[in-house]
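Listed below, chain by chain, are the residues.
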Amino acid sequence: MKNFKSMAYPYILWSIALIALPMVLIVVYAFTKEGNSVINIQFTLDNFARFFSDRVFFNVLKRSLYIAVMTTVVCILLGYPFAYIIARMKPRSQVVMVFIVTIPTWINMLVRTYAWRGILDKSGIINSILGLVGIGPVKLLETGFALILGMVYNFIPFMILQIYNSLSKMDYSYIEAASDLGADRLQTFLRVVLPLSIPGVISGITLVFLPAVSSFFIPKLLGGGQYVLIGNVIENQFLTSGDWGFGSAISLIMAIIIIISMHITKKLDKAPSVEGGDI
Amino acid sequence: MMKNKRHIPAKIFVGLMIAFFYLPILYTVVFSFNSTRSLSVFSSFSLQWYEKMFHNSDMMDSVFYTIVIAVLATIISTVAGIFTAIGISKSNKVLKGVVEQMNNLPIMNPEIVTAIGLLMLFSSLAVSKGFTTLLLSHIMFCIPYVILSIMPKLRSLDPNILDAALDLGCTPFQALIKVIVPQITSGIFAGALIAFTMSFDDFVISYFVTGNGVNNISIMIYTMAKRINPTINALSTLIIAIITAVLLILNITPIILEKRKEKKRK
């Protein structure tokens, strides 16, 4: 059966060239001095020092984390009840609802984000409705509100689907058992349903936080000039100022932050599952 | 009665959320047919923005490139994905692990990291940015998804089927095409669908790796977005229509095929 196995070899070469090599290049550029020929590459930490010594970049990092955390929190607060309601519907309606949530994710993110520019504009729909009541026009576009709204809009379907998956897989007899044993609705929810659905919330957090922290076109389209996030800084380094070394270093810092946050969320997952075993 | 009352807030909440999901899409489609530039008032029906779009050669080029790249990337990544998936399903754990780890990189990495990696790779190798780099990048991020959707189907196959086919006189190639591929078709279609929509919708990676005037629709919208231009709504509606059509065809075709089979049985 050796000739079947060999069918995987071309892809291994391909993935070394187009997947692994680019990652190696990022690391190499982040740690070496710019403008050198390949023969005398010099190791340096200048790129990292520059990032952490400059207050501007540090603020960008703080802002990116803040926006990503806020987005994730809003996604949980809106997504959890929504997923919970879907999971309690008739099986047929559940299929329809999942379909309704999924369809927009198939449509180009940029198209859907751009539409919010028209909706939130000073002469847009929301402001003309507010105008009828005598309020406004309110500046909605190019604010933190618009930015978080755009992020929540783009990423909340992933949160809903993950939570729904964990809720719909839950054995209903647990809930019956809880009420048989005298728990009221709130207690049942807090001590049975919620702990069992935490894995879904955790994978939802991963799917929302990661794209939110690295996004660069949502801040550009909805956040305006004051909401420069880490993704925008990376974009500038590569497409405007051409400083690959610094750009690579920032991407590495971002990657490390993402890895650390993923690690923390996974740890959070462990705690409730121990409690879950007691039920 | 009590029960119904308790459900009213839930129903309102679900309704509002659905409105939130579909408002931007509805807005884009409706205002692409507006006769004025207004963002809030729909004056009367008009096709002027579509006319403007069809006369804008940059926009039409971007539509052309988007479709050509998506079709080519889908075909190439699906074929490559089928061969690789079958290959690794027959190989040892080490090889399987290597491919899985490699595939995880573009799936798990933020898109912008994949994008700058490819940008530096192409520039270091002095490949001129444009159609080739765009196509290579799209194939690169599509293949992992194709493999991911084919692998579970392969795992559930009886490994003896292949031996049986070979014992009965099939050449290895015949055994592949006539025995294995027909049994994993649903995985292949799912993979191809994901590949097509991923390529068709991609912005971040395309934006970094392209150049020399080769743009896709997303890049076009991004560069034009700063000013209010209803022509973008027309272009967006075109994308929404194409993706909806693809989704409908893929969801309806299996139902029609099944009905035909039932008729044949009768």
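None of the values given here were measured: they were computed from a predicted structure.

## With respect to the side chain of Ser77(B)
Residues and elements named next belong to chain B.
Then step 1. Tracing the backbone shows Ser-77 in helix α3 (residues 57–89).
Then step 2. A residue is classified by how much of its surface remains accessible, and Ser-77, at 0% relative accessible area, is buried.
Then step 3. Side-chain polar atoms of Ser-77 contact the backbone oxygen of Ala-73, separated by 2.6 Å.
Then step 4. Sequence-distant contacts of Ser-77, defined by excluding residues within four places in its chain, comprise Ile-139, Cys-142, Ile-143, Val-146 and Ala-195.

## A word on the nonpolar core
Considering soluble globular proteins, one finds that nonpolar side chains tend to be buried as a cluster.
Then step 1. Counting residues in hydrophobic clusters, the biggest one holds 160 residues, and the most contacted among them are Phe82(A), Ile160(A), Leu154(B), Phe203(B), Phe208(B) and Ile221(B).
Then step 2. When residues in this core are grouped by element, the largest group, 15 residues, is from helix α8 (residues 144–168) of chain A.

## Focus: the pattern of salt bridges
Residue and element names in this part refer to chain A.
Then step 1. Inspection of every chain in the model, using the stated rule, returns three salt bridges over all chains.
Then step 2. Arg-50 serves as the salt-bridge partner of Asp-243, at 3.0 Å between the closest nitrogen and oxygen. Separated by 193 residues along the polypeptide, Asp-243 in the loop between α12 (230–239) and α13 (244–278) and Arg-50 in helix α3 (residues 46–53) bring together distant segments of the chain.
Then step 3. On the basis of relative accessibility, which here comes to 15%, the residue Asp-243 falls in the buried class.
Then step 4. We note a salt bridge from Arg-117 to Glu-142, for which the minimum N-O separation is 3.9 Å. With a gap of 25 residues between them, Arg-117 in helix α6 (residues 109–120) and Glu-142 in the loop between α7 (125–133) and α8 connect regions that are remote in the sequence.
Then step 5. Of the residues examined, Glu-142 reaches a relative accessible area of 25% and is grouped as partly exposed.

## What about the packing of helix α6 (residues 131–155) of chain B against helix α9 (residues 185–201) of chain B?
All names here are of chain B.
Then step 1. With their axes 8 Å apart at the nearest point, α6 and α9 run at an angle of 155° to one another. Comparing their axes, α9 and α6 come out roughly antiparallel. Considering the relative orientation of α6 and α9, their crossing is right-handed. Residues His-138, Phe-141, Cys-142, Tyr-145, Val-146, Ser-149, Ile-150 and Lys-153 of α6 form the contact with α9, whose participating residues are Ser-186, Gly-187, Ile-188, Ala-190, Gly-191, Ile-194, Ala-195, Met-198 and Ser-199.
Then step 2. Taken together, the residues that form the contact of α6 with α9 break down as 10 nonpolar, six polar and one charged.

## Things to note about the interface of chain A and chain B
Then step 1. Counting residues at the interface gives 72 residues for chain A, matched by 81 residues for chain B.
Then step 2. For the pair chain A and chain B, the two sides together bury roughly 6800 Å², of which 81% comes from carbon and sulfur.
Then step 3. Area buried by chain A at its contact with chain B is led by Tyr11(A), Trp106(A) and Tyr114(A), which between them contribute 12% of it.
Then step 4. At the junction of chain A with chain B, the criterion picks out zero salt bridges.
Then step 5. Taken together, the connections running from chain A to chain B amount to seven residue pairs in polar contact (both at pLDDT 80 or more).
Then step 6. In terms of residue count, the dominant contributor to the side of chain A that touches chain B is helix α2 (residues 9–31) of chain A (16 residues).
Then step 7. Residues that form the side of chain A that touches chain B fall into these classes: 53 nonpolar, 11 polar and eight charged.

Rules and cut-offs
Residues numbered from 1 in each chain as written. Chains lettered and ligands numbered in written order. Predicted model: local features only at pLDDT ≥ 70, side-chain atom pairs only at ≥ 80, totals over all residues. Heavy atoms only, no water. Helix = DSSP H or I, 4+ residues; strand = E, 2+ residues; numbered from the N terminus. Buried < 20%, exposed > 50% of the residue type's maximum accessible area, 1.4 Å probe, protein only. Polar contact = N/O pair within 3.5 Å; in protein donor to acceptor, adjacent residues only side chain to side chain. Contact = heavy atoms within 4.5 Å. Core = buried A, V, L, I, M, F, W, Y, C linked by side-chain atoms within 4.5 Å. Salt bridge = Lys/Arg side-chain N within 4 Å of Asp/Glu carboxyl O. Axes fitted to C-alpha atoms, helices over the stretch in contact; angles between N-to-C directions. Parallel < 35°, antiparallel > 145°, perpendicular 65-115°, else oblique. Left-handed = near helix turned anticlockwise from the far one by under 90°. Nonpolar A, V, L, I, M, F, W, Y, C, P; charged D, E, K, R; others polar. Buried area = accessible area lost by both parts, 1.4 Å probe.

Function-wise, these values are silent; they only describe arrangement.
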